[in-house]
Amino acid sequence: VSIVRNLGPSTVDGNPSMLRPGVDQGLFCSGFHNLWYITDGSEAGTRPVVSGAQPVADCGGSADGGYFDGHFYFHAAFALQTYALWRSDGSTDGVSHFYDLPAEEGETPLMTDFLAGDQVFYFEITTSGSQTTRELWRSDGTSQGTWAVLDITETLMELVVVAGQDLIFRDAESGHWWRSNG
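Thresholds, definitions, all that
Residues numbered from 1 in each chain as written. Predicted model: local features only at pLDDT ≥ 70, side-chain atom pairs only at ≥ 80, totals over all residues. Heavy atoms only, no water. Helix = DSSP H or I, 4+ residues; strand = E, 2+ residues; numbered from the N terminus. Phe/Tyr/Trp six-rings, centres within 6.5 Å; stacked < 30°, edge-to-face > 60°. Buried < 20%, exposed > 50% of the residue type's maximum accessible area, 1.4 Å probe, protein only. Contact = heavy atoms within 4.5 Å. Polar contact = N/O pair within 3.5 Å; in protein donor to acceptor, adjacent residues only side chain to side chain.

*Asks:* Whenever I open this one, the environment of Ala103 confuses me. Can you help?
*Replies:* Among the secondary structure elements, Ala103 is positioned in the loop between strand 10 (95-100) and strand 11 (108-116). In this structure the C-alpha to C-alpha distance between Ala103 and Tyr83, which are 20 residues apart in sequence, comes to 7.9 Å.

Put into structure tokens, the structure is as follows:
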């Protein structure tokens, strides 16, 4: 085992977490910088995900991401605390915003529990503020094909598998199994 790239100052490691594999690259969060990085496993191929000249930040907390249909999808706060879903094809110019997450003033939405199938992906949006809410969302990777499916604030849900466009999930408290077509 060897260090691919030190992401922090010489006395602090980059604290990488949430590695999400793609085909030839991986997406991860550097906890020291709270920045999303893409890596091909080499020092030269490990770099922050950027949009224009600004790094796409805020992967801290419980934010998640994943790989679907040739792109990495992830949550990030960018510019004036605009919380949004982003995608990257792994190239330096291939980063784009694709969906603004709804949030009232003082609320912070995070993408969590990402699970992809062949046709769509599902994820949870946890919004903290005056109260915490959780919603199940579905996307085909476009803004038009992204929507909230179900309020799951009162359940402890475990995403299990995506079959076609359907999500199979389990309520961890009751043990009941559910299927949703989004």
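What follows picks up the thread again.
*Asks:* Sorry if this is basic, but what is going on with the packing of aromatic side chains here?
*Replies:* Within a pair of aromatic rings, the relevant descriptors are the distance that separates the centres and the angle that separates the planes. This structure, assessed with the given rule, holds nine aromatic pairs. With a centroid separation of 5.7 Å and 35 degrees between ring planes, the pair formed by Phe121 and Phe123 is classed as tilted. Side by side, Phe121 and Phe123 carry an identical accessibility label, which is buried. When the centroid spacing of 6.2 Å and the interplanar angle of 20 degrees are considered together, the rings of Phe123 and Trp137 count as stacked. You can see Phe123 sitting in strand 12 (residues 121-128) and its partner Trp137 sitting in strand 13 (residues 133-139), a full 14 residues away along the chain.

*Asks:* Just to check I follow, could you spell out the environment of Thr146 for this structure?
*Replies:* Looking at the element boundaries, Thr146 is found in strand 14 (residues 146-151). Taking relative accessible area as the criterion, Thr146 reaches 5% and is therefore assigned buried. With 25 residues separating them along the chain, Thr146 and Phe121 place their C-alpha atoms 9.4 Å apart. Not counting residues within four places of it along the chain, the set of residues in contact with Thr146 comprises Leu85, Phe98, Tyr99, Phe123, Trp137, Arg138 and Ser139. At 2.7 Å, the side chain of Thr146 forms a polar contact with the side chain of Ser139.

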